[in-house]
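Coordinate inspection notes
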There are 2 protein chains.
Amino acid sequence: MIEMPPSIQTRVTKLFGIKYPIIQAGMVWTSGANLAIASANAGILGLVGAGSMTPELLRDQIRKTRERAQGAWGVNLPVFNRLADEFVKIILAEKVPVVFTSGGSPKKYTGVFKKAGAKVAHVTPNPSLAKKCEEAGVDAVVVEGFEAGGHDGRDELTTMVLVPQARDLVKIPLIAAGGIADGRQMAAAFALGAEGVQVGSRLAASAEASCHENFKQAIVQAGETDTFLTLKKIMPVRILKNPFYKKVEEAEARCAGQEEISQLLGRGRSKLGMFEGDVVEGELEIGQVAGMIREVLPVAEIVRRMVLEFQGTMQQLKNGV
Amino acid sequence: MIEMPPSIQTRVTKLFGIKYPIIQAGMVWTSGANLAIASANAGILGLVGAGSMTPELLRDQIRKTRERAQGAWGVNLPVFNRLADEFVKIILAEKVPVVFTSGGSPKKYTGVFKKAGAKVAHVTPNPSLAKKCEEAGVDAVVVEGFEAGGHDGRDELTTMVLVPQARDLVKIPLIAAGGIADGRQMAAAFALGAEGVQVGSRLAASAEASCHENFKQAIVQAGETDTFLTLKKIMPVRILKNPFYKKVEEAEARCAGQEEISQLLGRGRSKLGMFEGDVVEGELEIGQVAGMIREVLPVAEIVRRMVLEFQGTMQQLKNGV
């Protein structure tokens, strides 16, 4: 049993009823019930990621999470997903207490989830879109910087520039995402005006993540410059620079059309990489912080280290300057 | 006379003999003697930027700065500049006390400047290159993130991800650059492990910067998504999205060759924009923080606000979490 540090309370922890102001990000092929349960039990918000699931699997994972989570949990729903309407029905039927929506308009589903009594947050890459989230009635907004893994905004705003501008525009609780894998980065996000952080990559390389062990090891082995934002013609996505990435880069360098690149990408490329463990031909979505991740750890240990380093950083800033 | 806040001492302030741990960045067509003098007199390190000068002008600006600066100052030298060797002779002959080198190997000139008794720092975009700077014998290293204006590294590491990794690799004083225009961002840089910050864009929009008033107004008017890292085939540079930028983007979108893009860029494009004030056809180098800059201010007022906000942020973090 890992001994956990004392609670850190902010508007974000009060909103979701969590011990630490940390959200486990929804990640395709990675954030199943096991990760959400481990996160909830470690005192952070656990999210089941609907993005790569069938409706049946989502229902199953929600039920499993409810049964075993001893803390706050919810679902992450990508609004642009072709099954989004079906996912919404399940989320409502299962009375999921927290929903994080992402990748589309916050207007689309916020009302229906709020009406059902859920807490709602939306993930967005721009300060002005954060304001639109607030206007749409969300309880909290996540602003996600260019350094984040997976799908990113087209404007390439980094967390450093994004968070303070969003802070100046919205009054609701603000959560920073992108480039946050340790307690120093968490403290930096707080300095910028965030009241919580959403952590993806660091929790992908956890014992409880559902992604393949080969993918976890690829994260651990990644160096400081081993991710890149690519596939800009289809939908920008940050991935590991593996042989599949090199094929995409080659095609993009010679200005291959959207059709050719779509064909090269094919279907199931992210499942192949992240879930089936083909780190050569698969698409491996991960953030720039991959270069900082040195080992696969249990979620509770990741949270413990991050919180302790956050508190240590705060103490150091207080004494040192 | 602006009343300035109390001093903030770190290893960076001690190294350069400054009141606040802030470096005014060298910027082409922008950082002449007037900006360096105003910076030195406001308690931060002022740097004359050699990049866009003739050797004669550099000598003149160094002498003017020495005569009127009542604080620490130096020169920024882009190592890749075709006149670099001539600049070095002048810097040595004029016994410039501080030299910031950038954009090339730190090995090239560090030894000669150190031997002459100057303090030397090098600007770099990668943690492992920061380590190489330390090995080359510099007194301090600046790590500059993807969000910075002007020429950026090809690996696109953001300040949030870059600074803590550099901190883990080097023992010498560490300065963060890229995305730092206010005191919250300065506090974030400190949380990440920096002991000082280098500020460009915010000081380009100052009364004392030598760039054209039209350029300063273009910065003030820029919105949150109005810069982009472009010209990747030649040398990646972050610029304002003006009509010239749109021509480059159009050419790059249809995969125009390096030669065609070089021809489109032509000669004197940055002088045309930043110094002569043609904000339509000129190249306007500026950072992502342009969207946060609302008015042109005197350097001393910019420094005063940044330091006060930095101290306020520290206080808030101390009380709030």
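Please read these numbers as outputs of a predicted model, since none were measured by experiment.

Section: the relation of the copies chain A and chain B
Each copy superposes on the other: chain A lies on chain B with an RMSD of 0.0 Å after a rotation of 180° and an axial shift of 0.0 Å. Taken together, the turn and the small shift mark the pair as related by a two-fold rotation axis. Across chain A, the smallest distance between a C-alpha and the rotation axis is recorded for Ala188(A), namely 2.0 Å. In this assembly, 100% of the residues forming the interface of chain A have copies in chain B that are likewise at the interface, indicating an isologous arrangement.

A closer look at the environment of Ser7(B)
Residue and element names in this part refer to chain B. Structurally, Ser7 is set in the segment before helix H1 (11-16). Spatially, the C-alpha atoms of Ser7 and Val307 are 9.0 Å apart, while their sequence positions differ by 300 residues. Contacts of Ser7, omitting those with residues within four sequence positions, involve Lys19 and Tyr20.

Describing the sheet that holds strand S1 (residues 22-24) of chain A
All names here are of chain A. The parallel open sheet is built from eight strands, whose spatial order is S1-S9-S8-S6-S5-S4-S3-S2. Where the open sheet ends on each side, the last strands, each with one partner, are S1 and strand S2 (46-49). Averaged over all pairs of adjacent strands, the angle between strand axes in this sheet comes to 25°, irrespective of strand direction. With three bridges joining them, S1 and strand S9 (residues 196-199) adopt parallel strand pairing. For Ile22, the partnering residue across the bridge sits in S9 and is Val197. Where helix H2 (residues 33-41) meets the sheet, it contacts S1, S2 and strand S3 (73-78), and its direction lies at approximately 170° from that of S2.

Overview of the interface of chain A and chain B
With 39 residues of chain A at the contact, the number on the chain B side is 39 residues. Secondary structure elements with two or more residues in the side of chain A that touches chain B: helix H6 (127-135), helix H7 (159-169), helix H8 (183-191) and helix H14 (299-320) of chain A. Here the side of chain A that touches chain B takes six residues from H8(A), the largest share from any one element. Split by residue class, the side of chain A that touches chain B holds 18 nonpolar, 14 polar and seven charged.

Quick look at the sheet that holds strand S7 (residues 150-151) of chain B
All names here are of chain B. Read across the sheet, three strands follow the order S7-S11-S10 without closing on themselves; strand pairing throughout is antiparallel. One side of each edge strand has no neighbouring strand; the edge strands of this open sheet are S7 and strand S10 (227-230). The pairing of S10 with strand S11 (residues 237-240) spans four bridges and is classified as antiparallel. Residue pairing in the sheet places Phe228 in a bridge with Ile239 of S11. Its contacts with the sheet place helix H11 (residues 243-253) against S10 and S11, and it is angled at close to 40° to S10.

A closer look at the nonpolar core
With 212 residues, the main nonpolar core has Val141(A), Ile175(A), Val141(B) and Ile175(B) as its most contacted residues. Residue contributions to this core reach at least three from each of two domains, namely domain 1 (11-210 + 292-320) and domain 2 (223-289) of chain B. Excluding residues within four positions of it along the chain, Val141(A) makes contact with Ala121(A), His122(A), Thr124(A), Ala130(A), Cys133(A), Glu134(A), Val170(A), Ile172(A), Leu174(A) and Ile175(A).

Quick notes on unusual backbone geometry
Residues and elements named next belong to chain B. Not every positive phi belongs to a glycine, and Lys95 is a case in point at roughly 50°. You can see Lys95 is positioned in the loop between helix H4 (84-93) and strand S4 (98-102). C-beta crowding within 10 Å serves as the criterion here: with 11 such atoms nearby, Lys95 is assigned to the exposed category. One non-glycine residue, Glu156, lies in positive phi territory at about 60°. In this structure, Glu156 sits in the loop between S7 and helix H7 (159-169).

Some thoughts on the pairing of strand S2 (residues 46-49) of chain B
Residue and element names in this part refer to chain B. The alternating pattern of S2 places Gly46 and Val48 on one face and Leu47 and Gly49 on the opposite face, and all of these are buried. Across four bridges, the pairing between S2 and strand S3 (residues 73-78) is parallel. Across the sheet, residue Gly46 finds its bridge partner in S3, namely Trp73. This β-α-β element, S2 to helix H3 (residues 55-68) to S3, shows right-handed connectivity.

Comments concerning the environment of Lys107(B)
All names here are of chain B. Within the secondary structure, Lys107 sits in helix H5 (residues 107-115). A tally of 15 C-beta atoms within 10 Å means that Lys107 is categorised as partly exposed. Taking the C-alpha atoms as reference points, Lys107 and Lys132, 25 residues apart in sequence, are found 8.6 Å from one another.

The rules behind these values
Residues numbered from 1 in each chain as written. Chains lettered and ligands numbered in written order. Predicted model: local features only at pLDDT ≥ 70, side-chain atom pairs only at ≥ 80, totals over all residues. Least-squares fit on C-alpha atoms with pLDDT ≥ 70 in both. Contact = placed C-beta atoms within 7 Å. Helix = DSSP H or I, 4+ residues; strand = E, 2+ residues; numbered from the N terminus. Pairing = 2+ DSSP bridges. Axes fitted to C-alpha atoms, helices over the stretch in contact; angles between N-to-C directions. Nonpolar A, V, L, I, M, F, W, Y, C, P; charged D, E, K, R; others polar. Core = buried A, V, L, I, M, F, W, Y, C linked by C-beta atoms within 7 Å. Buried ≥ 20, exposed ≤ 12 C-beta atoms within 10 Å, placed from the backbone. Domains from an automatic or database assignment. Right-handed = clockwise from strand over helix to strand, strands pointing away.

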